[in-house]
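As a plain string of letters, each chain reads:
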Amino acid sequence: MFDILTDSFTNAIKKIRFNDDDKALTKALDELKKSLLRADVNHKVVKDLIFKVQIETKKNGIGKDQFLEALRNALYELLEIGGNRGFVFASKPPTVILMTGLQGSGKTTTTAKLANYLKNKQKKVMVVAADLQRLAAVEQLRQLTQQVGVELYEDESTKNPVEVVTAALKKANSGIYDVVLIDTAGRLAIDNELMDELEAVKYAANPSEIFYVADSMTGQDAIKTATAFKEKIGIDGVILSKYDGDSKGGIALGLSSQVQVPLRFIGSGEKIEDLEVFLPERVVNRLMG
Ligand code: GDP
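Residues numbered from 1 in each chain as written. Predicted model: local features only at pLDDT ≥ 70, side-chain atom pairs only at ≥ 80, totals over all residues. Heavy atoms only, no water.

> I'm lost on the overall build of the protein in this one. Help?
A tally of helices and strands in the protein yields eleven helices and eight strands. The globule rule puts the C-alpha radius of gyration for 289 residues at 19 Å, and the 21 Å found for the protein is close to it. In terms of its C-alpha atoms, the protein occupies a principal-axis envelope of roughly 70 × 40 × 30 Å. Across the 289 residues in the protein, those meeting the buried criterion constitute 53%. At a minimum sequence separation of 6, the contacts of the protein that also span at least 24 residues come to 76%. Of the roughly 13,300 Å² of accessible surface on the protein, a fraction of 49% belongs to carbon and sulfur atoms. Taking the average place of the 39 positive charges on the side chains of the protein and the average place of its 40 negative ones, the gap between the two points comes to 4 Å. (Helix = DSSP H or I, 4+ residues; strand = E, 2+ residues; numbered from the N terminus. Rg over C-alpha atoms; globule rule 2.2 N^0.38 Å. Buried < 20%, exposed > 50% of the residue type's maximum accessible area, 1.4 Å probe, protein only. Contact = heavy atoms within 4.5 Å. Areas by Shrake-Rupley, 256 points an atom, 1.4 Å probe, with all protein chains shown as cover. Lys, Arg positive; Asp, Glu negative; His and termini not counted. Charge placed at Lys NZ, Arg CZ, Asp CG, Glu CD.)

Encoded structure:
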């Protein structure tokens, strides 16, 4: 993960030759800017980052160490939006998570990946099949939850996700579940019908958090749709899926600051174990070598 982004970063840092003057700093910043744009990091994000690095380096006396320190701080600030990272458990179980996203984004697969991640942490997980729009979604979830070895709540006698969620939570609340993951319906694009359904499901589920699964291969569109979901139903975190298919990787760097919601996990493959927690400090360390 982050291979191309890391490579271009490492190359830019390697090229920096510092003579403790303004000209050297301008050259270093130029290299950095080029490498970020090559990795498809959003223009405005790059501009802001470069500006911060420039100001902080100048403030502390131009030098390679100062430059690297300023870059490390600016990157960390960029990624550390909203504070919380990874999976946050509710104070009283079960922790209810609503999984949202557009059709094809990888939402159902990511739900299973998250179930697997939590099961490996010895948590008792219930997955709820509330995507009753896409015909194959329930069957897909059945197979995936069997593979992971967690319980699936499903009811094919109804097309009403609110009914399914209400019954599932009744069962979960009286049971021994630590986490309930609700797979909701997506659409090909954002429309009122989708948002109305999600609002109703959200009301019935009263989730601790709402995750939005964004397909990283859609580039800046992933930012736009995540922002729209944030405005319409409110999201607490983004999971970037299909990061393995994104040739550049820059989207992970700008997402948190662009959407103003923390990036929580990254999916990088079709297998259920292909999910990684997004931890800013770990990412910064990897990028800076
Ligand atoms: P949904 O409609 O949002 O529920 O999407 P699915 O979970 O069915 O995923 C759509 C397709 O994307 C499936 O073929 C998944 O195997 C694939 N997919 C999901 N996540 C990833 C990922 O991180 N990497 C890759 N390469 N494929 C993924």
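> What exactly am I supposed to notice about the site of the ligand here?
The local shell around the ligand holds 18 residues, among which Gly104, Thr108, Thr109, Asp244 and Glu270 are the closest. Taking Ser105, its main chain carries an N or O atom lying 3.1 Å from an oxygen atom of the ligand. The separation between an oxygen atom of the ligand and a polar main-chain atom of Gly269 is 3.1 Å. Residue contributions to the shell around the ligand peak at four residues, all from helix 5 (residues 107–119). A per-class count over the shell around the ligand returns one nonpolar, eleven polar and six charged. (Near = heavy atom within 4 Å. Polar contact = N/O pair within 3.5 Å; in protein donor to acceptor, adjacent residues only side chain to side chain. Nonpolar A, V, L, I, M, F, W, Y, C, P; charged D, E, K, R; others polar.)

> Can you walk me through the packing of aromatic side chains in this structure?
Two aromatic rings, taken as a pair, are described by how far apart their centres are and by the angle between their planes. For the structure on display, the rule yields five aromatic pairs. Here Phe87 and Phe211 contribute two aromatic rings whose centre-to-centre distance is 6.5 Å and whose plane-to-plane angle is 90°, an arrangement assigned as edge-to-face. In this pair, Phe87 is assigned in the loop between helix 4 (64–79) and strand 1 (95–101) and Phe211 in strand 5 (residues 209–215), connecting sequence segments 124 residues apart. We classify Phe87 as buried; its relative accessible area is 11%. Ring centres of Tyr117 and Phe265 lie 5.1 Å apart, and the angle between their planes is 80°; this geometry places the pair in the edge-to-face category. You can see Tyr117 sitting in helix 5 and its partner Phe265 sitting in strand 7 (residues 263–267), a full 148 residues away along the chain. For Tyr117, a relative accessible area of 17% translates into the label buried. Pairwise contacts between aromatic rings join Phe87, Phe89, Tyr117, Phe211 and Phe265 into one cluster. Its end group placed over the ring of Phe89, Lys123 keeps NZ or CZ at 4.7 Å from the ring centre. (Phe/Tyr/Trp six-rings, centres within 6.5 Å; stacked < 30°, edge-to-face > 60°. Lys NZ or Arg CZ within 6 Å of the ring centre and 35° of its normal.)

> Where do I start with the sheet that holds strand 4 (residues 179–184) in this structure?
If you trace the eight strands from one edge of the open sheet to the other, you get 3-2-4-1-5-6-7-8, paired in mixed fashion. What marks the edges here is a single partner per strand, and that holds for strand 3 (151–153) and strand 8 (275–277). Neighbour-to-neighbour, the strand axes of the sheet open up by a mean angle of 25°, direction not taken into account. Where strand 7 meets strand 8, three bridges bridge the pair, whose relative direction is antiparallel. From the neighbouring strand, Phe265 faces strand 8, where its bridge partner is Val277. Lying on the sheet, helix 9 (residues 220–232) is in contact with strand 1, strand 5 and strand 6 (237–241); it crosses strand 5 at an angle near 160°. (Pairing = 2+ DSSP bridges. Axes fitted to C-alpha atoms, helices over the stretch in contact; angles between N-to-C directions.)

> When you look at the UniProt feature "domain: SRP54-type proteins GTP-binding" (unreviewed entry) in the protein in this model, what are you seeing that I'm missing?
Taking the numbering used here, the UniProt-annotated feature "domain: SRP54-type proteins GTP-binding" (unreviewed entry) corresponds to residues 262–275. When the span residues 262–275 is considered, its composition is 0% helix and 43% strand, and the gap between its end C-alpha atoms is 16 Å. (UniProt positions renumbered as here; feature names shortened; annotations may be inferred.)

> Any chance you could explain the nonpolar core here in plain terms?
Among soluble globular proteins, nonpolar side chains are generally buried collectively. Phe67, Leu71, Leu114 and Leu253 are the most contacted members of the largest nonpolar core, which has 99 residues in total. The dominant element in this core, judged by the number of residues it contributes, is helix 4, at seven residues. With residues up to four places along the chain from it excluded, the contact list for Leu253 reads Leu5, Phe9, Leu36, Val41, Leu75, Leu78, Leu79 and Leu287. (Core = buried A, V, L, I, M, F, W, Y, C linked by side-chain atoms within 4.5 Å.)

> What is the right way to look at the pairing of strand 4 in this model?
On any regular strand, side chains alternate: one points to one face of the sheet, the next to the other face. Among the six residues that make up strand 4, six are buried, leaving the element largely enclosed by the rest of the structure. The alternating pattern of strand 4 places Val179, Leu181 and Asp183 and Val180, Ile182 and Thr184 on opposite faces, both of which are buried. With five bridges connecting them, strand 1 and strand 4 associate as parallel partners. If you follow Met99 over to strand 4, its bridge partner there is Asp183. The pairing of strand 2 (residues 125–130) with strand 4 spans six bridges and is classified as parallel. Bridge pairing links Ala129 to Asp183 in strand 4.

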